Amino acid sequence: MGNTKELIDTSAPIAIKNAKEVFETTSPFFDKMQTKIFPATQHTPSVGRFKFKESSLTRLILWAAAANLPAGTFGAEMKRNMYTYGPSGCGKTRLVEAFAARTGRSLFREQCSKETTLSDLFGSWKLCGKDEGMKWVYGKVCQWAMQPNSILLLDEWDLVTADVAMGLNGVLDGAPIHLDQTGEIIKIAPGCMIMATGNTNGRGSAGGQGGSAAVYKGTQKMNFANQDRFNVMFETYLSEQEEIDLLISETKANPLAAKAMASLAAKIRANFIGLNEDAGAGGMAFQFTITTRNVLNWSMNFNLLTQMGKKVEEAYIEALRMTVLDFAPKDEAAAILSTWSTIVGPDK
């Protein structure tokens, strides 16, 4: 049975380092905090520079601490799972990947959708060739459960149907996994952590912070019994200055270009987030935004177009259009271009 290679022993850390050094933060809150580093495996992601916000990093470290608490530390059972939500493209997945990369943890990512089934999560019998016949292939949940101190990432968790989500409640409680198809019982390894992400707060909106189900089609209202097993964290886009710094470091943008691009993104996001909460209560939801992913690609496309000989202003517009703007409704695209002209000025 199975499809996992020989597991690396990740049951014990290989180092304990200062959190401020590990996560490259300047916040004094982490001055005396220590973080465990585990042996990297083939499932440990590789992530370059990443700026952790103090509030997000605090919750991530608390999440990791809860996962490693010995049974009976408190009289009550402590939640050990985290649900992170926020607008599309703000870096929720990359946040988890960066945390895993910095600490050496294995990451098992399941990309969820309304078509996700329990078999996708836990595993199924599959034909593996005429010579091998049928084999049981573990799903990401089982692979995660067998690797100590690993992270199970359930991306777009607010898209799965309630019956599938409820089927994971035992795992969220830390109970052993019973595979009726094979008769196998898998005890969840020590230190294993679960992170789920979504665009809404699990109730079909984003709690007054933008991101209604009217924009994110297919999102489900989470069954409260499932939702109640998570702690929660809200993520949103970088500040304008943080995005300027990111553009300069990651795309080699010159400071003036980075400032202009980050300024446009900030203005568009303010409309997107401000108008997208529970659409219908006050009008039509704004349908378009510029994500961090898009800004980075806008900058890189702009660099290439100018190297090809495009005039600077033409390169800005063409790069913006091909990266994301031609996805926008015509009226919103026109409004965005008008906003861009006020940022760069008529002579740029």
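Conventions adopted
- Residues numbered from 1 in each chain as written.
- Predicted model: local features only at pLDDT ≥ 70, side-chain atom pairs only at ≥ 80, totals over all residues.
- Heavy atoms only, no water.
- Helix = DSSP H or I, 4+ residues; strand = E, 2+ residues; numbered from the N terminus.
- Buried < 20%, exposed > 50% of the residue type's maximum accessible area, 1.4 Å probe, protein only.
- Contact = heavy atoms within 4.5 Å.
- Areas by Shrake-Rupley, 256 points an atom, 1.4 Å probe, with all protein chains shown as cover.
- Phe/Tyr/Trp six-rings, centres within 6.5 Å; stacked < 30°, edge-to-face > 60°.
- Lys NZ or Arg CZ within 6 Å of the ring centre and 35° of its normal.
- Salt bridge = Lys/Arg side-chain N within 4 Å of Asp/Glu carboxyl O.
- Axes fitted to C-alpha atoms, helices over the stretch in contact; angles between N-to-C directions.
- Parallel < 35°, antiparallel > 145°, perpendicular 65-115°, else oblique.
- Left-handed = near helix turned anticlockwise from the far one by under 90°.
- pLDDT = per-residue confidence, 0-100.
- Expected span 1.5 Å × (residues − 1).
- Pairing = 2+ DSSP bridges.
- Core = buried A, V, L, I, M, F, W, Y, C linked by side-chain atoms within 4.5 Å.

1. A short note on the overall build of the chain
Then, in step 1: From N to C terminus, the chain includes 13 helices and 11 strands.
Then, in step 2: Split into buried and exposed, the 348 residues of the chain put 47% on the buried side.
Then, in step 3: Expressed as a percentage of contacts within the chain between residues at least 6 apart in sequence, the contacts between residues at least 24 apart total 70%.
Then, in step 4: Counting only carbon and sulfur atoms, one obtains 54% of the accessible surface of the chain, whose full area is about 17300 Å².

2. Focus on unusual backbone geometry
Then, in step 1: With a phi close to 60°, N149 is a non-glycine residue in the positive phi region.
Then, in step 2: Relative to the elements of secondary structure, N149 occurs in the loop between α5 (140-145) and β7 (151-155).
Then, in step 3: The class for N149 is buried, based on a relative accessible area of 3%.
Then, in step 4: At K252, a residue that is not glycine, the phi angle is positive and equals roughly 60°.
Then, in step 5: With respect to the element layout, K252 can be found in the loop between α9 (240-251) and α10 (255-275).

3. Description of the packing of aromatic side chains
Then, in step 1: Inspection of the entire model under this criterion finds 12 aromatic pairs.
Then, in step 2: Between W63 and F99, the ring centres sit 6.0 Å apart and the planes meet at 40°, which makes this aromatic pair tilted. Pair noted here: W63 is in helix α2 (residues 54-67) and F99 is in helix α3 (residues 92-103), with a separation of 36 residues, a long-range link. Residues W63 and F99 agree in their burial class; the two are buried.
Then, in step 3: Counting every residue linked through ring pairs, the aromatic cluster contains F23, F50, F52, W63 and F99.
Then, in step 4: Lying over the aromatic face of Y237, R269 brings its terminal NZ or CZ to 4.3 Å of the ring centre.

4. Considering the pattern of salt bridges
Then, in step 1: Here the structure, examined in full by the defined rule, presents 9 salt bridges.
Then, in step 2: In this structure, K79 engages D228 in a salt bridge whose closest nitrogen and oxygen atoms are separated by 3.9 Å. Residue K79 is found in the loop between α2 and β3 (81-85), and its partner D228 is found in the loop between α8 (224-227) and β11 (230-234); the two are separated by 149 residues along the sequence.
Then, in step 3: Taking the relative accessible area as the measure of exposure, K79 reaches 32% and is therefore partly exposed.

5. Observations concerning the packing of α9 against helix α11 (residues 292-307)
Then, in step 1: At a minimum axis distance of 10 Å, the contact between α9 and α11 shows a crossing angle of 45°. By the angle class used here, α9 and α11 are oblique. The interaxial crossing formed by α9 with α11 has right-handed handedness. Here E243, L246, L247, E250 and T251 of α9 come into contact with α11, specifically with T292, V295, L296, S299, M300 and N303.

6. Overview of the confidence of the model for the chain
Then, in step 1: The share of residues in the chain with pLDDT of 70 or more is 89%, and the mean pLDDT across the chain is 88.
Then, in step 2: When mean pLDDT is taken per element in the chain, β7 scores highest with 98 and α10 scores lowest with 85.
Then, in step 3: Taken together, the stretch residues 275-285 has pLDDT below 50 and engages in 24 contacts with residues farther than four places along the chain or on a different chain.

7. Concerning α2
Three or four residues apart is the spacing at which side chains of an α-helix point the same way, because the helix has 3.6 residues per turn.
Then, in step 1: Taking 1.5 Å per residue, 14 residues should reach 20 Å; α2 reaches 20 Å between its end C-alpha atoms and fits that length.
Then, in step 2: Looking at α2, one finds that the buried residues are S56, L57, L60, I61, W63, A64, A66 and A67.
Then, in step 3: Those residues of α2 hidden inside the fold are in contact with α1 (19-22), β3, α3, β7, β10 (193-198) and β11.

8. Some details on the environment of E332
Then, in step 1: As for its position among the elements, E332 is in helix α13 (residues 330-344).
Then, in step 2: Accessibility expressed as a relative area gives 9% for E332, which makes it buried.
Then, in step 3: The sequence separation of E332 and I268 amounts to 64 residues, and the corresponding C-alpha distance is 9.7 Å.

9. Some details on the pairing of strand β2 (residues 34-37)
Then, in step 1: Of the two faces of β2, only the one carrying T35 and I37 is buried; Q34 and K36 on the other face are not.
Then, in step 2: Judged from the 4 bridges that link them, strand β1 (residues 15-18) and β2 form a sheet pairing that is antiparallel. Looking at the pairing, A15 lines up with I37 of β2.

10. Some points on the nonpolar core
Then, in step 1: The biggest cluster of nonpolar side chains holds 31 residues, and the ones touching the most others in it are L247, L264, I290 and L320.
Then, in step 2: Looking at this core, the element that brings in the most residues is α10, giving 8 residues.
Then, in step 3: In contact with L320, not counting residues within four places along its chain, are L264, I290, W298, L325, I336 and L337.
Then, in step 4: Counting residues in each nonpolar core, the second largest holds 30 residues, with F108, C192, M222 and F230 among its members.

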